[in-house]
Amino acid sequence: MTVEQNVLQPGGAAKHQQTFLNQLREITGINDIQVLQQALKDSNGNLELAVAFLTAKNAKVPQLEEATYYQTALPGNDRYISVGSQADTNVIDLTGDDKDDLQRAIALSLEESNRAFRETGITDEEQAISRVLEASIAENKASLKRTHPEVWSDSPNPYDRKRQDNCPVGLKNVGNTCWFSAVIQSLFNLLEFRRLVLNFNPPANAQDLPRNQKEHRNLPFMRELRYLFALLVGSKRKYVDPSRAVEILKDAFKSNDSQQQDVSEFTHKLLDWLEDAFQIKAEEERDGEKPKNPMVELFYGRFLAVGVLEGKKFENTEMFGQYPLQVNGFKDLHECLEAAMIEGEIESLHSENSAKSGQEHWFTELPPVLTFELSRFEFNQALGRPEKIHNKLEFPPILYLDRYMHKNREITRIKRDEIKRLKEYLTVLQQRLERYLSYGSGPKRFPLVDVLQYALEFASSKPVCTSPVDDLGASAPASSTLPPQLPPSTIEQQGPSSSDVPSTSPVQRSVIHKPFTQSRIPPDLPMHPAPRHITEEELSVLEGCLHRWRTEVENDTRDLQESISRIHRTIELMYSDKTMVQVPYRLHAVLVHEGQANAGHYWAYIYDHHQNRWMKYNDISVTKSTWEELERDSFGGYRNASAYCLMYINDKEQYLIQEEFNKETGQILVGMDTLPSDLRDYVKEDNKRFEKELEEWDAELAQKAQQEKLLSQIPRAPAPSPAPVQAGEPEYLEQPSRADISKHLKEDSVQAINKALAEQEDRGPEAIMDTAIKLEYTRLLKLAQEDPPPECDYRLRHAIVYFIQNQAPKKIIERTLLEQFGDHNLSFDERCRNIMKVAQAKLEMIKPDEVNMEEYERWHQDYRHFRETTMFLMVGLEFFQKKSYMEALLYLIYAYQNNKELLSKGPYRGHDEELISHYRRECLLKLNEHAAALFESGDDQEVNNGLIIMNELIVPCLPLLLVDEMEEKDIVAVEDMRNRWCSYLGQEMEPNLQEKLTDFLPKLLDCSTEIKGFNDPPKLPSYSTHELCERYARIMLSLSRTPADGR
């Protein structure tokens, strides 16, 4: 790498040694540098063997291909992101004893590497990576053939892929490339970086055959990156395809054993490649001066390492790109940085005669773009694999780095000493406070204030002179009523015995405990224990002492708590003075990883500096977000999601995010105007192709519509005409057959008519109809106002009950009642027929402006929707109770979606959302368990059946659970399902199972909340109103869990 070569020429050997040592430290968790060096020496530089020596003495020697694989794929393999990766040779020598042997081994290793570098222009390490990547891309292509095509396929409707206004453009996931999208979008939204890439012109001599493989790789990649950035600027598509750039990368930094490293590895290599490309251009344009590389200027900084080793001081300047930070054991970013900047015992730095060793790091030059890599994994030696650290780690939107700058080191050291002193004092205070809050010498401890209060209550209780056992003798139950060996509470806990079952033979019944009646404590007994003998004088003295002691303890506790709070506040404000807030860095992007160490999904939160809001970039989905959502997904400790990479930018360097201006007009350049002419033409051509897709789609739809129109004009044989239906009559009144539901309404209408006739027998049909309608309305109003149990939902009995509860307009209710009494089924009787004719006549007299028929139809459509939702819910629950979870799931999904739409219009429009959500969630969990059990069986057919369940039922449903992030139980359920499958990653299994698991996991871990299409709704059976109410009541009564009804 050019930067590394320019820092210190003799540092090459030290660089490789320190890189391997950093890898071993992170993989094994061993910090003893001499142990690590010895393992590296014994393994002859083979990283896998070194890990084996340190973790398992009896590990087999791997084959050459396996060794190469581990050298490139193990977590932590990074050539320059580690702090000491470019340390001077002298610094490296200070940490080891056997210098001569080590240097000879390194020199021998480098001889081969340098020969390859001279011949090809790339290092031996990169050649090893390339070999692994060839296999990786081949495997990825094969896996894509095995994968269901709908996972990454585009919608056939191009309007679904059309960009809305100026919404940011997403990146298509072309096969486990979410890591690519997260990094590229983060860099693209750095406007200075975007300008550098867009305005990059390949060197003039690059038109000839590239001089080495580096140029052959880097320059084509730069060309594709420019095209990709140009599309992100001006495309009319909602998202674009990065396949050509990814193909050049060859999925280089994504392998099954190192997936969590994708972001840091890819960012490292991406900047490495870009630096090489810009270096070629810089060397061509230099005019006798040392060429400046814009990538180095933008992303690389320097720090000074000062320390003492065995009483000898050293000082060394080093260069860094991504700055690695350990997460485990720290609560926030400043704690991580403090730990990273100080190594070992630093007291020796300030004394002359100490033999302790340690070093401090001080930033001497910070890059405009500062990237922190959060090391969220550790090697589990028992399991022999890395595991992700899910601990919570907070980080601020504005990070002040003054305390880490070399120019402030004297004042920082003073403040660190002061903080150390305060923390020691704080520890003492906290220990004292703990003695007050957890008082006692036994296993159970209580606050001392409460202990004194309890003693005071005991002393003040009314004294009694009898034994607590003897005093109960008079009120104890007769011995014949209870078994002598069991108290009443034991009988309750045992539950009913066979003798409790009702039978015809006379048996003695067990006494049943009745709270607050026969077991009530006699009023003359004290509620608490009390002293038997205490004089007034003794009580007075004791009460005085206890009151005084309690007050003293309360004051002491309060003073300790206030002192602790003041010290915390002092520590928090230690670096808040003006001199320590001069180097502000603003959070620009957070790259989030969800999953385990071996598999997961990436997305990015990126700050829009011009709109002052956070945006979430999740592959093709780009949505507005908030700091609260970012905290929830990025801090960790809440789900399996946590930040893995933080990108801060210098808040004083406005050029990083400043828009481009037209030099002549002074106006801001936006969109296509920011592109060079060649890229503008490229984007225009792509937009023309997309517009052609839209035109072809429109033409296809027009052609289909024309064909349907022609088909509709073809005469057909007349079909049997159905029975005439009253105009405007609600459909649900005639389903499943005209007689079924109308019979139910007919009975209600006849009852109302008979009551009206009994009251006004001598009146005409119109007066009787008015009275009958009033009686029916009164009955339905009473039902609507009742609060029945969940199994009795009166809304299912009549639409009017539903309308009243949801405050439908009066005109809608009146017309619905007229429809009921104007039904043709009332023509069986002369009196009813006359009333039916009056109702029909009144319906015809209603003017269009009196009742809005569109609104009327909407209300009845909503009621049909409610009954349909009820049937989805009811059938789904019936299948669930039969343990037919696959059948139940589809019904419950549609029940939940329909119900959610109903509830959006009003709280009484649908059913209890919590109930539907619970059983939908339970279905998914049970199906997940079943699918996992099939996978564990190892049988090919059963494994395939299990994965079919996951791919066709579980995975499409996950966005439905994640889209409403307020539902905590759904999110937890999704995490449980994912964790179950991630747990297989470290287990021994057949290669074909490993292959299938690798194909499947990215789909399961995809955090996109974009809801994919489901099959058509399942067909519902036909139920009369009576059947519907009866079956609904039966299933609701049988549920073991019945939350309160949604109403």
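The rules behind these values
- Residues numbered from 1 in each chain as written.
- Predicted model: local features only at pLDDT ≥ 70, side-chain atom pairs only at ≥ 80, totals over all residues.
- Heavy atoms only, no water.
- Salt bridge = Lys/Arg side-chain N within 4 Å of Asp/Glu carboxyl O.
- Helix = DSSP H or I, 4+ residues; strand = E, 2+ residues; numbered from the N terminus.
- Buried < 20%, exposed > 50% of the residue type's maximum accessible area, 1.4 Å probe, protein only.
- Pairing = 2+ DSSP bridges.
- pLDDT = per-residue confidence, 0-100.
- Contact = heavy atoms within 4.5 Å.

Here's the deal with the pattern of salt bridges
A full pass over the atoms with the stated rule returns 37 salt bridges. Residues Arg-815 and Glu-819 are paired through a salt bridge, measuring 3.6 Å at the closest nitrogen-oxygen approach. Here Arg-815 pairs with Glu-819, and both are found in helix 25 (residues 810–821), just 4 residues apart, close to one helical turn. Residues Arg-815 and Glu-819 agree in their burial class; the two are buried. Here Arg-909 and Asp-862 are joined by a salt bridge, their closest N and O atoms 2.7 Å apart. Of the two residues, Arg-909 is situated in the loop between helix 28 (885–903) and helix 29 (913–937) and Asp-862 in helix 27 (residues 853–881); the sequence distance between them amounts to 47 residues. The two residues Arg-909 and Asp-862 agree in class, both being buried. Beyond isolated ion pairs, a larger network of salt bridges with shared partners links Arg-161, Arg-237, Asp-686, Arg-689 and Glu-693.

Regarding the pairing of strand 3 (residues 301–309)
Along any regular strand, the residues point their side chains to alternate faces of the sheet. With 8 of its 9 residues buried, strand 3 lies for the most part within the structure. Relative to strand 4 (residues 312–320), strand 3 runs antiparallel, the two being bridged by 9 bridges. Residue pairing for strand 4: Phe-303 is matched across the bridge by Glu-318. Once strand 3 ends, the chain turns through 2 residues before running back antiparallel as strand 4, passing Glu-310 with a positive phi of about 55 degrees. Examined bridge by bridge, strand 3 and strand 7 (residues 358–365) share 7 bridges and lie antiparallel to one another. Each bridged residue has a counterpart across the sheet, and for Phe-303 the counterpart in strand 7 is Phe-363.

Description of the confidence of the model for the protein
Here the protein averages 75 in pLDDT, while 70% of its residues score no lower than 70. Within the protein, strand 11 (residues 398–400) carries the highest mean pLDDT (95), whereas helix 5 (residues 64–73) carries the lowest (34). Counting interchain partners and residues more than four positions distant, the pLDDT-below-50 stretch residues 128–152 has 40 contacts. Within the model, pLDDT remains below 50 along residues 1041–1047, and this stretch shows 24 contacts once partners closer than five positions in the same chain are excluded.

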